[in-house]
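Spelled out, the chains give:
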Amino acid sequence: MTRRRLLLAAWILLFSALFVGFHLLAHGYRFGIVEDAHAIQLPFLKHTLDPALYAGDPMLATQASYPSFYFHALALAAGLTSISTLFLVIHLFTLLAYLAAVAALSWRLAPDAQLLRPLLLGLLLTLSLLPVLGGDDLILRSALPRHLGMALALWALLAGLMERRLAAFLLAGLTINLHALSGGFALILLLSADLLRLPWRRWAAPLLAAALGLLLALPTLIWSWQTREPITPAWLDLLRLRSAQHSFPLTWPLTDFITFGLWLGLAGLGWWPQRRSAQGRWLAGAAL
């Protein structure tokens, strides 16, 4: 069994690495492109390296209220190579971690006598760029905090699905320090999955694991508390201007709700045959 698992892990990493290469050849890599948010992320990094840069810039002033240690970590690594090379390395590493997690989840949720079939299916769907399959929302195009956060969150969910509870919650807690939303959502998914599938007498273990995960996230939680702002009409107007698509669902077109409904329907069809298994109950809890 151990040899089979090691062989499967090797295949997952090999095929993920091949797809990273194919992705780079097919789609290239965009550095400094506005639509990839580098117009914000690069000044954040440069300002972290030299606080005197961009003095008085109103967008850079928001960095103090953006609780993430991602740019501090990048600043430490920036002394080893150029920023463009650093972003490319992080992009390739993140894409590899993301695709490997997708492949591992595909195999875990749809085991097949042919080991490579679910792996290839998951990877091909991810890289297809078809709008019906999520479009570029599923493509990690650059070295952004949310991309690294998504990759780590998927690994946390995989660990939880494999009943590696402590590792799952600790990874989710660490992810909060890089991208709070990804890590926070992963932690909530893990906790709800455990609490809703276990009798209340066995809740102590997942609650303790969640507490340890939050303990690792304490630096970001303290930062968030210190930079909290009152929710005033002016604050809401600024949020609507900057991130309406994230925070105001009533601004979404009807087609978005149809797309989400189709995704939920597809997920339900995949879940239904295993609804009575332990894995199916875990998935139901996470979905809820």
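These figures come from a predicted structure and were not determined experimentally.

Enquirer: Describe the overall build of the protein chain, naming the residues involved and giving the relevant values.
Expert: The helix and strand tally for the protein chain stands at 14 helices and 0 strands. The linear arrangement of helices and strands in the protein chain, starting from the amino end, is α-α-α-α-α-α-α-α-α-α-α-α-α-α. Over its C-alpha atoms the protein chain spans a radius of gyration of 20 Å, differing by no more than 12% from the 19 Å that the globule rule assigns to 288 residues. Expressed as lengths along the three principal axes of its C-alpha atoms, the size of the protein chain is roughly 60 × 50 × 40 Å. Relative to its full complement of 288 residues, the protein chain shows a buried share of 36%. For the protein chain, the proportion of contacts with a sequence separation of at least 24, taken over those separated by at least 6, is 67%. Accessible surface, the protein chain as shown: approximately 17000 Å² in total, 72% of it carbon and sulfur. Of note, the protein chain has its 20 positive side-chain charges centred 17 Å away from the centre of its 12 negative side-chain charges.

Enquirer: Which residues make up the packing of aromatic side chains, and what values do they have?
Expert: Scanning all chains against the criterion turns up 9 aromatic pairs. With a centroid separation of 5.5 Å and an interplanar angle of 40 degrees, the aromatic rings of W11 and F15 are classed as tilted. On the criterion of helical spacing, the pair formed by W11 and F15 is a turn pair, its members being 4 residues apart in helix 1 (residues 2-27). Residue W11 is classed as partly exposed on the basis of its relative accessible area, which comes to 32%.

Enquirer: Would you mind going over the environment of D50 in detail, with residue names and values included?
Expert: Mapped onto the elements of the fold, D50 is located in the loop between helix 2 (38-49) and helix 3 (58-61). With relative accessibility at 33%, the residue D50 sits in the partly exposed group. Counting along the chain gives 131 residues from D50 to L181, while the straight-line C-alpha distance between them is 27 Å.

Enquirer: Outline the layout of surface pockets, listing residues and values.
Expert: Empty space within the second largest pocket amounts to approximately 430 Å³. As for the second largest pocket, its lining consists of 15 residues, of which R5, L8, W107, R108 and M162 are closest to the centre. Of all the secondary-structure elements, those providing two or more residues to the lining of the second largest pocket are helix 1, helix 5 (83-109) and helix 7 (145-161). Tallying contributions element by element places helix 1 first for the lining of the second largest pocket, with 7 residues. Split by residue class, the lining of the second largest pocket holds 11 nonpolar, no polar and 4 charged.

Enquirer: Break down the environment of S65 for me, citing the residues and quoting the values.
Expert: Along the chain, the position of S65 falls in the loop between helix 3 and helix 4 (70-77). C-alpha of S65 to C-alpha of I176: the two residues are 111 residues apart in sequence and 15 Å apart in space. With residues up to four places along the chain from it excluded, the contact list for S65 reads T227 and E229.

Enquirer: Could you give an account of the nonpolar core, naming the residues involved and the relevant values?
Expert: The biggest cluster of nonpolar side chains holds 41 residues, and the ones touching the most others in it are I12, Y98, L99, F169, L190 and W282. At the level of secondary structure, the elements contributing two or more residues to this core comprise helix 1, helix 5, helix 6 (116-127), helix 7, helix 8 (165-176), helix 9 (180-197), helix 10 (204-216) and helix 14 (278-287). Among the elements that line this core, the one with the most residues is helix 5, at 11 residues. If we ignore the near neighbours within four places in the chain, the residues touching F169 are L187, L190, L191, D194, P206, A209, A210 and G213. Within the second largest apolar cluster, 16 residues are counted, among which are F44, L45, I90 and L178.

Enquirer: Account for the side chain of S192, with residues named and values stated.
Expert: Among the secondary structure elements, S192 is positioned in helix 9. At a separation of 3.2 Å, a polar atom in the side chain of S192 contacts the main-chain carbonyl oxygen of G285. Excluding anything up to four places from it in sequence, S192 contacts G285 and A286.

Basis of the calculations
Residues numbered from 1 in each chain as written. Predicted model: local features only at pLDDT ≥ 70, side-chain atom pairs only at ≥ 80, totals over all residues. Heavy atoms only, no water. Helix = DSSP H or I, 4+ residues; strand = E, 2+ residues; numbered from the N terminus. Rg over C-alpha atoms; globule rule 2.2 N^0.38 Å. Buried < 20%, exposed > 50% of the residue type's maximum accessible area, 1.4 Å probe, protein only. Contact = heavy atoms within 4.5 Å. Areas by Shrake-Rupley, 256 points an atom, 1.4 Å probe, with all protein chains shown as cover. Lys, Arg positive; Asp, Glu negative; His and termini not counted. Charge placed at Lys NZ, Arg CZ, Asp CG, Glu CD. Phe/Tyr/Trp six-rings, centres within 6.5 Å; stacked < 30°, edge-to-face > 60°. 1 Å grid on protein atoms, 1.4 Å probe; cavity = no way out; pocket = protein on both sides within 12 Å on 5 of 7 lines; lining within 4 Å. Points joined across faces, edges and corners; volume = space filled by probe spheres on them. Nonpolar A, V, L, I, M, F, W, Y, C, P; charged D, E, K, R; others polar. Core = buried A, V, L, I, M, F, W, Y, C linked by side-chain atoms within 4.5 Å. Polar contact = N/O pair within 3.5 Å; in protein donor to acceptor, adjacent residues only side chain to side chain.

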